[in-house]
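What follows is each chain in one-letter form.
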Amino acid sequence: MIRNRREYLFFYDVTDANPNGDPMDENKPRIDEETKICLVTDSRLKRIIRDELADMGEEIFIREERKEDGKLKTKEELLKTYNKGDYNEILKRCIDIRLFGGTFAIGDNAKSFTGPVQFKFGRSLHKVDVKLIKGTTVMPSGEQRGQGTMTDFYIIPYGLFCFYGIANEKASNDTQLTDEDLEKMTEALWKGIKESTDVISRSKFGHMPRLLIEIIYKEGEKFHIGELNKRVSINKPEALDDLAIRDIEEFELDLSKLKEAVQKHKDKIEKVYYCIDERVKLTEGSALDEIFENITLEKFPWLAE
């Protein structure tokens, strides 16, 4: 079981794509109408992690598995494949349940696991514009048609998103989460944004991971800074409107407020892992070695693989 509390900051951007369509609204990108900020649900992020973990050879429970007749298996049917619903067997084999928890029920035997790892909704760090892209298909849609049909889909031209997450050591006892599981999760998070989405659809093509930070607190410290996502922003030229941003190199990422919070509580932090894309530009005073000065700062171990 993990013994150290952790906090996460994860940034990725999207170019000419739909980061998380709303099926109840024509699959449009999810927009806060008051602020014009784009949203990505935690469920979407967890799906990316799960898919990449599966590609890495890990077993996940929340998956699509079909029966001989082609229909998807229900959760109850999947449960029965684990020693007829043995919850300990599920935890032993399924890394996604150890990470995110789950609720199960077989007859009157119900069980709920609280996930030690939780993420808030991701939000773009600037206003975004939603575009309706129209086109035509080559193939006609009916026998009487002599030409292709119209098609349309929604995208945002650009968006930089920030996710905040936490891994709670108290809840790890419930799901038997380990340090090794968390290391695999961070690897899946970074690699999955680019690799697993590339093959899903054109609406998801164009995602790039930019920065991932994992703050590991000292064992026994029942503390975390909290709201790390509210301590970051972007710094762009005044003449550049939010809706006109099209690339990561058009602005700088400002982590100065994060630096203040980290330095205030540095005595409670054991270590920090990070991964940063070479195209990310940071404001003066936001370099990672400055933010985490006098704290052990290392790249994620899986980067060397």
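Presented here is a report on the structure given in the accompanying data block. (Residues numbered from 1 in each chain as written. Predicted model: local features only at pLDDT ≥ 70, side-chain atom pairs only at ≥ 80, totals over all residues. Heavy atoms only, no water.)

### Let's talk about the layout of surface pockets
Argument step 1. Approximately 340 Å³ is the volume found for the largest pocket.
Argument step 2. Around the largest pocket, the lining comprises 13 residues; the ones closest to its centre are Arg123, Ser124, Leu125, Asn229 and Lys230.
Argument step 3. Residue assignment for the lining of the largest pocket shows that the elements contributing at least two residues are β8 (122–127) and β10 (150–167).
Argument step 4. Here the lining of the largest pocket gets three residues from one element, more than from any other, and that element is β8.
Argument step 5. Taken together, the residues that form the lining of the largest pocket break down as six nonpolar, three polar and four charged. (1 Å grid on protein atoms, 1.4 Å probe; cavity = no way out; pocket = protein on both sides within 12 Å on 5 of 7 lines; lining within 4 Å. Points joined across faces, edges and corners; volume = space filled by probe spheres on them. Helix = DSSP H or I, 4+ residues; strand = E, 2+ residues; numbered from the N terminus. Nonpolar A, V, L, I, M, F, W, Y, C, P; charged D, E, K, R; others polar.)

### Description of the environment of Lys191
Argument step 1. Its place among the elements puts Lys191 in helix α6 (residues 179–198).
Argument step 2. The class of Lys191 is partly exposed, set by a relative accessible area of 25%.
Argument step 3. Here Glu187 takes part through its side chain, which lies 2.6 Å from a polar atom of the side chain of Lys191. (Buried < 20%, exposed > 50% of the residue type's maximum accessible area, 1.4 Å probe, protein only. Polar contact = N/O pair within 3.5 Å; in protein donor to acceptor, adjacent residues only side chain to side chain.)

### Considering empty space enclosed by the protein
Argument step 1. A complete count under the given rule lists one cavity of 30 Å³ or more for this structure.
Argument step 2. Within this model, the largest cavity holds a volume of roughly 30 Å³.
Argument step 3. The wall of the largest cavity is formed by His126, Lys127, Val128, Asp129, Pro157, Tyr158, Asp242, Leu243, Ile245 and Arg246.
Argument step 4. Residue assignment for the lining of the largest cavity shows that the elements contributing at least two residues are β8 and β10.

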